[in-house]
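# Secondary and tertiary structure notes
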Amino acid sequence: MVPTDAIPDDMEGLDIGPETIRTFCAAVRGAGTVVWNGPMGVFEFEKFAAGTRAMAQALADSGAITIDSASAVKKLGYADKMTHISTGGGASLEFLEGIELPGVACLLDK
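Residues numbered from 1 in each chain as written. Predicted model: local features only at pLDDT ≥ 70, side-chain atom pairs only at ≥ 80, totals over all residues. Heavy atoms only, no water.

### Here's the deal with the overall build of the chain
- Counting its regular elements, the chain contains five helices and three strands.
- When the elements of the chain are put in sequence order from the N terminus, they spell out α-β-α-β-α-β-α-α.
- Judged by the C-alpha coordinates and their principal axes, the chain covers about 55 × 35 × 25 Å.
- Counting all 110 residues of the chain, 26% fall into the buried class. (Helix = DSSP H or I, 4+ residues; strand = E, 2+ residues; numbered from the N terminus. Buried < 20%, exposed > 50% of the residue type's maximum accessible area, 1.4 Å probe, protein only.)

This is the structure:
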């Protein structure tokens, strides 16, 4: 584990580290609603799944209404502890932001 400013130019950071895990998990404690759009790292590889697993656990324990990214929580076994699992990604975020989505707008057009 190295700070982001110490990652060599020929390497990549593929997960968040322990300090960021503590910071992010603390941020969701006591939250009323959490929208999580994507994993913390390359969770598909066990070696880089610690951050995503910790966030999924923090969300599961938080008591918050959770709107989560589908693949991470399903793969890590937290899907049944989440309020809503979205596969919409960016479109879901735009909808929550109030941006008109053509597919939704046409359904509402009378």
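Read on for the rest.
### Considering the pattern of salt bridges
- A full pass over the atoms with the stated rule returns two salt bridges.
- Where Arg53 meets Glu46, a salt bridge forms, and the shortest distance between an N and an O atom there is 3.0 Å.
- A relative accessible area of 56% places Glu46 in the exposed class.
- We note a salt bridge from Asp80 to Lys81, for which the minimum N-O separation is 3.7 Å.
- Accessibility expressed as a relative area gives 65% for Asp80, which makes it exposed.
- Judged by its relative accessible area of 45%, Lys81 is partly exposed. (Salt bridge = Lys/Arg side-chain N within 4 Å of Asp/Glu carboxyl O.)

### Regarding the nonpolar core
- With 15 residues, the main nonpolar core has Val28, Trp36, Leu59, Val73 and Tyr78 as its most contacted residues.
- Elements with a contribution of two residues or more to this core: helix H1 (18-28) and helix H2 (50-62).
- A per-element tally of this core places H2 first, with four residues.
- The residues contacting Val28, other than those within four sequence positions of it, are Val34, Met55, Ala58, Leu59 and Ser62. (Core = buried A, V, L, I, M, F, W, Y, C linked by side-chain atoms within 4.5 Å. Contact = heavy atoms within 4.5 Å.)

### Some thoughts on the confidence of the model for the chain
- Chain-level statistics for the chain give a pLDDT mean of 89 and a share of 98% at 70 or above.
- Within the chain, strand S2 (residues 65-69) has the poorest average pLDDT of any element, 81, and H1 the best, 95. (pLDDT = per-residue confidence, 0-100.)

### Considering H1
- Within H1, burial applies to Ile21, Cys25 and Val28. For H1, the angular spread of the buried residues around the axis is 60 degrees, confining them to a single face. Along H1, the residues that are exposed and aim more than 90 degrees away from the buried face are Glu19, Arg22 and Ala27.
- Looking at the buried residues of H1, the elements they touch are strand S1 (33-35) and H2. (Arc of directions from axis to C-beta.)

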